[in-house]
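# Coordinates in review
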Amino acid sequence: MEFNGLYVVATPIGNMNDLSPRALEVLAGVSFVAAEDTRNTGTMLSRLGIKKELVSYHAHNIAAKSDYIISRIEAGESAALVSDAGTPAISDPGEELVRECHERGVRVTPVPGPSAVITAISASGMPTGRFTFEGFLSTAVNSRRKHLESLKDEKRTMVFYEAPHRLKKTLSDMFEAFGDRKIVLARELTKFYEEIITTTFAEALKLYDTKDPLGEFVIIVDGKKEEKPALDEDEAKRLFEGFLKEGLSKKDAVKKVAEATGLPKNGLYDLLIK
Ligand code: SAM
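What comes next is a walk through the structure. (Residues numbered from 1 in each chain as written. Predicted model: local features only at pLDDT ≥ 70, side-chain atom pairs only at ≥ 80, totals over all residues. Heavy atoms only, no water.)

A few words on the environment of Gly 223. Topologically, Gly 223 is positioned in the loop between β10 (217–221) and α9 (233–245). Here the alpha-carbon distance between Gly 223 and Phe 136, two residues 87 residues apart in the chain, equals 18 Å. Sequence-distant contacts of Gly 223, defined by excluding residues within four places in its chain, comprise Glu 154, Lys 155, Arg 156, Thr 157, Met 158 and Arg 181. (Helix = DSSP H or I, 4+ residues; strand = E, 2+ residues; numbered from the N terminus. Contact = heavy atoms within 4.5 Å.)

Pasting the structure below:
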């Protein structure tokens, strides 16, 4: 098989069996591998029996290395971009390199695979129809506060990455910004100590008061729920009487009141019939 351009290759987030056969084929076939950490990737490649030139590509050498990598591709070589774990460019280096490839007409081929955000939300049991990926919160107090403030009315499920030593602080800041909410802590995904904990901010803070969080975490936060209108008892009773006068049974009248007010049938049943 002939390789050309840049391949964006996802690697495992824990379990090495999650490396796809296609990723293996690409890593073995390209001219060189651009890696966030050449030592980590070197270890992975040697476990896979692949000997390959490694070029370091990390947060602090992006500008110089992007040009170097693309120039080599333009001269006829092919490259794979990998990060330490998961999918490159997702809270990892890669975005600029990929953008510059597009700008310079270099072909970019994704080789999809594990990513903690998708792995976590797919197994969380939280609403997945619409969600927002928020990555890491800044460590700077002001931008962290602004970020959380901008999300307090967000209705979609929110997914965050966090380092274990900052988990408690982040949960506590989120509790303050959002109030108590249902959350899922997806810990050590695909690894031996994998755990998917459904809890709330208050409960999680209590739990980590007595023990330190260990391992890698994805935090999934339930979106803000629509507030239910307060039950206007007089209005509900007035409507109910009206429907009874029209000849409806009590049960049908409750149903009609629920439709008219948007209030839950159970609560109305208790109020109007019991
Ligand atoms: N590019 C990676 C991806 O596609 O998932 C993410 C890299 S980011 C620097 C690392 C963060 O991802 C960790 O701090 C943690 O929040 C999350 N993460 C990575 N591996 C994980 C795992 N096995 N279990 C839970 N979270 C993980």
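Alright, that's what it looks like, and here's the rest.
The immediate surroundings of the ligand are formed by 19 residues, with Ile 90, Ser 115, Ala 116, Tyr 161 and Phe 217 found nearest. Here a nitrogen atom of the ligand and a backbone polar atom of Ile 13 are 3.0 Å apart. For the ligand, whose unbound accessible area comes to 570 Å², protein coverage reaches 91%. Within the residue set of the shell around the ligand, elements represented by two or more residues are β7 (157–162) and β10. Its residues assigned to classes, the shell around the ligand shows 10 nonpolar, four polar and five charged. Mapped onto the domain boundaries, the shell around the ligand takes at least three residues apiece from domain 1 (5–113) and domain 2 (117–221). (Near = heavy atom within 4 Å. Polar contact = N/O pair within 3.5 Å; in protein donor to acceptor, adjacent residues only side chain to side chain. Areas by Shrake-Rupley, 256 points an atom, 1.4 Å probe, with all protein chains shown as cover. Nonpolar A, V, L, I, M, F, W, Y, C, P; charged D, E, K, R; others polar. Domains from an automatic or database assignment.)

Attention shifts here to the pairing of β7. In terms of burial, β7 is largely enclosed, as six of its six residues are buried. Burial of the side chains of β7 extends over both faces: Thr 157, Val 159 and Tyr 161 are buried on one face and Met 158, Phe 160 and Glu 162 on the other. For the crossover from strand β6 (residues 131–136) across helix α6 (residues 141–150) to β7, the handedness is right-handed. As paired elements, β7 and β10 share five bridges and run antiparallel to each other. Residue pairing across strands places Val 159 opposite Ile 220, the latter belonging to β10. (Buried < 20%, exposed > 50% of the residue type's maximum accessible area, 1.4 Å probe, protein only. Right-handed = clockwise from strand over helix to strand, strands pointing away. Pairing = 2+ DSSP bridges.)

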